[in-house]
Amino acid sequence: MTRDILDINDFIILIEEATAEKVTIDSCLFDEPVIAVAFYGSGNVDLSVKYGDRQKDFKHTKGLTLSFYADEKVEFEHTVSASKPLECIVIATSPRNLEKLPNEEGELFSQMLNQLVNPSDHYVEGPQFLMTPEMQSIVDQVFRVSYDGKTKMMFLRSQITALIAHFFGELALLDKEVIKPSEKEKLFEAKEILSNNLDSPPSLTELSKQIGLNTFKLKKNFKELFGVPVFKYLQNERLSKAHYLIRNQEATVQEAAWHVGYDSLSSFSNAFAKKYGFRPSEIRK
């Protein structure tokens, strides 16, 4: 496991990466109360948030942006395995530092994350959504950085600044309509069904029946909650999984395409190039 802790403009930046052949629990606590945003990379690790006798589980974190308030009594547990490595960036600040933050970030926190600035419990969950392709690209670059020393620090500072700017930009775009908690659970179920069936996903009608939510609400609220339409999410998941398989030499380009449900190698290559800016055959070069 590697854990880098940086201090940038009164933000504590925690960059965690871990792999394990056997199932391993990676635990993290904060020394003081923090307001934070976590960005999860391609590892798709499981997360459990524990405080007192309460527990909140996240079974599918890949691409997740999660904002929260947490004090010293809150424990974050990642279940790391060979199939679910940890890739997580946490940008945190102490509530007492909000007024010191540069570039009016403190004002943005107070306005857009008021429930975290004025917490009602040891752990308070704020807005969460799936990262945009731009945000996902930044996270990927942070975990693939090849610079060292001062150059690396300069690079990380610029990427973290861009990432938090994208986060607040997405918050501003979120629809104000509130999704019922019961419907939100069904949407998370839909996301998990899609992620577990990349090679043969259900149709919208089939997915709607499986989760017990009509097609209109499925399409509308899925995009509202996760930031992308249902099958755009599916495509991103397919291509990200294929990228992981090829990059780690677990599959050839053809095998990776089949594994995530592409029958046509040319269609897969074109979609891959559109998302990443290079073809899958160029990953190992």
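Residues numbered from 1 in each chain as written. Predicted model: local features only at pLDDT ≥ 70, side-chain atom pairs only at ≥ 80, totals over all residues. Heavy atoms only, no water.

**Q** Run through the overall build of the protein, naming residues and quoting values.
**A** Scanning the protein from N- to C-terminus turns up 10 helices and 10 strands. Whereas a compact globule of 285 residues would reach a radius of gyration of roughly 19 Å, the protein reaches 19 Å, a difference of no more than 12%. Overall size of the protein, expressed as C-alpha extent along the three principal axes, is 55 × 50 × 35 Å. Taking all 285 residues of the protein together, the buried fraction comes to 47%. Long-range pairs, those at least 24 residues apart, make up 72% of the contacts in the protein with a sequence separation of at least 6. (Helix = DSSP H or I, 4+ residues; strand = E, 2+ residues; numbered from the N terminus. Rg over C-alpha atoms; globule rule 2.2 N^0.38 Å. Buried < 20%, exposed > 50% of the residue type's maximum accessible area, 1.4 Å probe, protein only. Contact = heavy atoms within 4.5 Å.)

**Q** Any chance you could break down the sheet that holds strand β5 (residues 46-51) for me, citing the residues and the numbers?
**A** Across the sheet, four strands lie side by side as β3-β8-β5-β6; this open sheet has antiparallel pairing. Because the sheet does not close on itself, it has two edges, and the strands there are β3 (24-28) and β6 (54-58). This sheet shows a mean twist of 20° between the axes of neighbouring strands, independent of strand direction. Where β5 lies against β6, five bridges are found, and the strand directions are antiparallel. Looking across to β6, one finds that Tyr-51 is bridged to Arg-54. (Pairing = 2+ DSSP bridges. Axes fitted to C-alpha atoms, helices over the stretch in contact; angles between N-to-C directions.)

**Q** Explain the nonpolar core residue by residue, including any values.
**A** With 32 residues, the main nonpolar core has Ile-13, Phe-39, Ile-89, Ile-91, Phe-109 and Phe-167 as its most contacted residues. Secondary-structure elements contributing two or more residues to this core are β1 (2-8), β2 (11-18), β4 (34-40), β9 (86-93), β10 (123-130), α3 (133-144) and α4 (149-173). Top contributing element to this core by residue count: α4, with eight residues. Setting aside its immediate chain neighbours within four residues, Ile-91 contacts Phe-11, Ile-12, Ile-13, Ile-35, Ala-36, Val-37, Phe-39, Ile-160, Leu-163 and Ile-164. (Core = buried A, V, L, I, M, F, W, Y, C linked by side-chain atoms within 4.5 Å.)

**Q** Just give me the short version of unusual backbone geometry, but keep the residues and values in it.
**A** Positive phi outside glycine occurs at Asn-44, with the angle close to 60°. Locating Asn-44 in the fold gives a position in the loop between β4 and β5. Unlike most non-glycine residues, Gln-249 shows phi in positive territory, near 55°. With respect to the element layout, Gln-249 can be found in the loop between α8 (230-247) and α9 (253-259).

**Q** Can you break down the environment of Gly-277 residue by residue, with the values?
**A** Note that Gly-277 resides in the segment after α10 (265-276). The class of Gly-277 is exposed, set by a relative accessible area of 65%. Through-space distance from the C-alpha of Gly-277 to that of Ile-5 is 30 Å; in sequence the pair is 272 residues apart.

**Q** Hey, could you go over α3 for me, with residue numbers and the actual values?
**A** Taking 1.5 Å per residue, 12 residues should reach 16 Å; α3 reaches 16 Å between its end C-alpha atoms and fits that length. Of the residues making up α3, those classed as buried are Met-135, Gln-136, Ile-138, Val-139, Asp-140, Val-142 and Phe-143. In the core, the buried residues of α3 are packed alongside β2, β4, β7 (64-70), β9, β10 and α4. (Expected span 1.5 Å × (residues − 1).)

**Q** I'd like a rundown of the packing of aromatic side chains, residues and numbers included.
**A** Taken as a whole and assessed by the stated rule, the structure comprises 20 aromatic pairs. Note on Phe-39 and Phe-167: the rings are 6.4 Å apart at their centroids and 85° apart in plane angle, and the pair reads as edge-to-face. Highlighted residues: Phe-39 in strand β4 and Phe-167 in helix α4, separated in sequence by 128 residues. Like Phe-39, the residue Phe-167 is buried in the burial classification. Centre to centre, the rings of Phe-272 and Phe-278 are 6.0 Å apart; their planes meet at 65°, and the pair counts as edge-to-face. One Lys or Arg, Arg-238, reaches over the ring of Tyr-262 and ends 5.5 Å from the middle of that ring. The side chain of Lys-275 reaches across the aromatic face of Tyr-276, ending 5.2 Å from its centre. (Phe/Tyr/Trp six-rings, centres within 6.5 Å; stacked < 30°, edge-to-face > 60°. Lys NZ or Arg CZ within 6 Å of the ring centre and 35° of its normal.)

Note that every value here comes from positions in space, so none of it alone points to a role or purpose.
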